[in-house]
Amino acid sequence: MKNIDNLCINTLRLLSADAVQAANSGHPGLPLGAAPMAYTLWARHMSHNPKNSSWQNRDRFVLSAGHGSSLLYSLLHTFGYNLSIDDLRKFRKTDSATAGHPEYGHTDGVEITTGPLGQGIANAVGMAWAENYLAATFNRPSFPIVDHYTYVLCGDGCLQEGVASEAASLAGTMKLGKLILLYDSNNITIEGDTAISFTEDVLGRHEAYGWHVQKVADGNDVDAISAAIEAAKAVKDAPSIIEIKTQIGYGSPNKQGKASAHGEPLGADELEATKKNLGFNPEESFHVPSEVKDEISKIQKENQAKEDAWKELVEGYKKAHPSDFAQMESWYNGDLPAFLASEDFWAYEGNIATRVSSEKVLNKVAPLVPNLFGGSADLSPSTKTIMAGRGSYSAANPTGANLHFGVREHAMSAIANGMMVHGGLRPYIAGFFVFSDYAKPALRLAALMGLPVISIFTHDSIGVGEDGPTHQPIEQLAALRSIPNFTVIRPADTNETAAAWVAAMTRKTSPTAIVLTRQNTQLLPETGKDALKGAYILKDSEKATPDIILMATGSEVELIYNAHAELKKQGVDARVVSMPSWEIFEEQDEEYKQSILPKGATKRLAVEAASPFGWERYTGFDGGIIAIDSFGKSGSAAELFVAYGFTVENVVAKAMEIFKA
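This write-up is about the structure you can find in this document. (Residues numbered from 1 in each chain as written. Predicted model: local features only at pLDDT ≥ 70, side-chain atom pairs only at ≥ 80, totals over all residues. Heavy atoms only, no water.)

Notes on the sheet that holds strand β15 (residues 548-552)
Next up, step 1: On the basis of which strands lie adjacent, the open sheet formed by 5 strands has the order β14-β16-β15-β17-β18 and mixed pairing. At either margin of the open sheet sits one strand with a lone partner, and together these are β14 (536-539) and β18 (624-626). Strand-to-strand twist of the sheet, defined as the mean angle between neighbouring strand axes without regard to direction, takes the value 25 degrees.
Next up, step 2: Along the sheet face, helix α19 (residues 557-569) touches β14, β15, β16 (574-578) and β17 (604-607) and points at about 170 degrees away from the line of β16. (Pairing = 2+ DSSP bridges. Helix = DSSP H or I, 4+ residues; strand = E, 2+ residues; numbered from the N terminus. Axes fitted to C-alpha atoms, helices over the stretch in contact; angles between N-to-C directions. Contact = heavy atoms within 4.5 Å.)

Quick notes on the nonpolar core
Next up, step 1: Counting 194 residues, the largest nonpolar core has W42, W129, L550 and F646 as the members making the most contacts within it.
Next up, step 2: It is helix α5 (residues 119-138) that contributes the most residues to this core, 12 residues altogether.
Next up, step 3: Not counting residues up to four positions away in its chain, the partners in contact with W129 are L170, M174, L176, F373, Y393, L403, F405, I415 and M419.
Next up, step 4: Residues F433, A439, L443 and A447 belong to the second largest nonpolar core, which totals 13 residues. (Core = buried A, V, L, I, M, F, W, Y, C linked by side-chain atoms within 4.5 Å. Buried < 20%, exposed > 50% of the residue type's maximum accessible area, 1.4 Å probe, protein only.)

A short note on the pattern of salt bridges
Next up, step 1: In the structure shown here, the tally under the stated rule is 27 salt bridges.
Next up, step 2: The partner of D223 in a salt bridge is R44, and the shortest N-O contact between them spans 3.1 Å. Of this pair, D223 sits in helix α9 (residues 222-234) while R44 sits in helix α2 (residues 29-45), placing them 179 residues apart in sequence.
Next up, step 3: By relative accessible area, R44 is classed as partly exposed at 34%.
Next up, step 4: A salt bridge links E586 to R617; the shortest N-O distance between them is 3.8 Å. With E586 in helix α20 (residues 582-587) and R617 in helix α22 (residues 616-619), the pair connects residues that are 31 residues apart, well separated along the chain.
Next up, step 5: Classification of E586 by relative accessible area gives partly exposed; the value is 32%.
Next up, step 6: Taking the relative accessible area as the measure of exposure, R617 reaches 54% and is therefore exposed.
Next up, step 7: By sharing partners, the salt bridges in this structure join E586, E590, K593 and R617 into a single network. (Salt bridge = Lys/Arg side-chain N within 4 Å of Asp/Glu carboxyl O.)

A short note on the packing of α19 against helix α24 (residues 648-660)
Next up, step 1: Packing of α19 against α24 leaves a shortest axis separation of 9 Å and a crossing angle of 60 degrees. Taken together, the axes of α19 and α24 are oblique relative to one another. Note that α19 runs across α24; the crossing there is right-handed. Along its contact with α19, which presents L559, I560, N562, A563, E566 and L567, the element α24 presents V648, V651, V652, A655 and M656.
Next up, step 2: Residue composition of the contact of α19 with α24, by class: 9 nonpolar, 1 polar and 1 charged. (Parallel < 35°, antiparallel > 145°, perpendicular 65-115°, else oblique. Left-handed = near helix turned anticlockwise from the far one by under 90°. Nonpolar A, V, L, I, M, F, W, Y, C, P; charged D, E, K, R; others polar.)

Here it is in structure tokens:
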């Protein structure tokens, strides 16, 4: 190792330790131990330009071990991204650019939000998958305009999480050769030595997955690390993992190699001793030596030259392949067709399950949005999420747009997040609604990042039928509705399903779940584009203030629709409101919301074949709810809906009870 390399590495170590100490909170152990591998990657191998952090063909770097965020911030500052020394000083402070864990869209150069361990590995699989598909789609002889790597730094904890195993297995199957994982192997977890819970052969496991594996015995040997990365880059038909043996808290005389270095500041005395041990002045904090600045300046110029060369290549591509270039630009710009202006898009017939409705709509969307890219967790025949004529992606067919995730819901969702942040694609995923529980950690991060990933969840209620309570979702609607910045749409019929797809496709900063039935639903003549407002009137009262307002979503809308006439016979003038999306309804102005649910109309009834949790905000003290507050049962859908009170007769009876109260 050259002296300048050592100086740069120790600068990163101590910037990170200073930040943690200033915050009196954080994780110094990983930065102190992993700084050599991170510096080697960023200085010798990564194509990235701090002056243009959104450069399309940059290499991506994912810190899956997001608790080591101070190392990432030190890298970003030192390499010239828009992150100042003052930002490092404000590490973990409210509203600072240096949050406790890396946050996408919050800090320049952070590729994706990480922290929940293991998800970063799955995100990186999504990025590498997107790169592979885009390269296969747009690259031409002499014009490799999509040509970059995805690198991940992870720890022992990441590799213990199931989502990492799911994603790694899939990456090996898909032979994603431009995915390289640097494994910070220090044998320490919060509770002590990894031997208490993690004794497996990690490299053997990944080799069985189909990965290229290597081991570097000394985590401070930058030449060996560099050689291993170079060898990994030479393998084109398999992802690579490099186990790099490190000592957590390296350089700290009293904490090196100990669990206590993981998640607490070193302390003033230990930090002083660490600086002395690494050859730095203990009186100086947040210090970047001039020699380091000079060295990084050289690297910046080299990276700027790489981007400039790529821009020249793109100009040549643009002239040689103008239509391909225009399409690629359209994909990256997120261009969409005028859905609302297309009469064919809104033309449907028949009473069918909304999962079948979604299949019909999807196959109208797919030809209009050629960068739609997605699939299901081994359930596409049931979720109806195959795009006709688009082929299936595989290692042998990298231009197929239908994805097969296998039975891996958590990884599927996290992979889609990685695809979304990569750019150029509109990913969607699919599965049974009850198994949204498996995907929820990644759905939550999509909402946190504001990623418009689309989730298609079918078999949405006790209508699943004979599969019984294990497969009948009850609380899942409430769970997803509780996620901030997450949009849930449960359409009543095919017309509303078309609206759901339009809403999902056009939302820019919110993920969307479209929740669909297994059983047939009645196609209602009044449904359609108004569903884009989240809630709207299907049948109205003749009175200025309705006697009662009936509200429902999904398959239960037809119950309140048909109850309207029966109530009329009994002298009750009801308003019927379809409410496919609470979130979209809440985005409307107050005047519109009052026009649908006026404050003076206090007698209300909500009907939904799910937990009643949350409906109180719309029914109020004088209203009622027909819902399910227990688990389901095995039996036919028709029998179960009767048993749980989802009939027109029960809706009428409950409405009359509320009306007379």
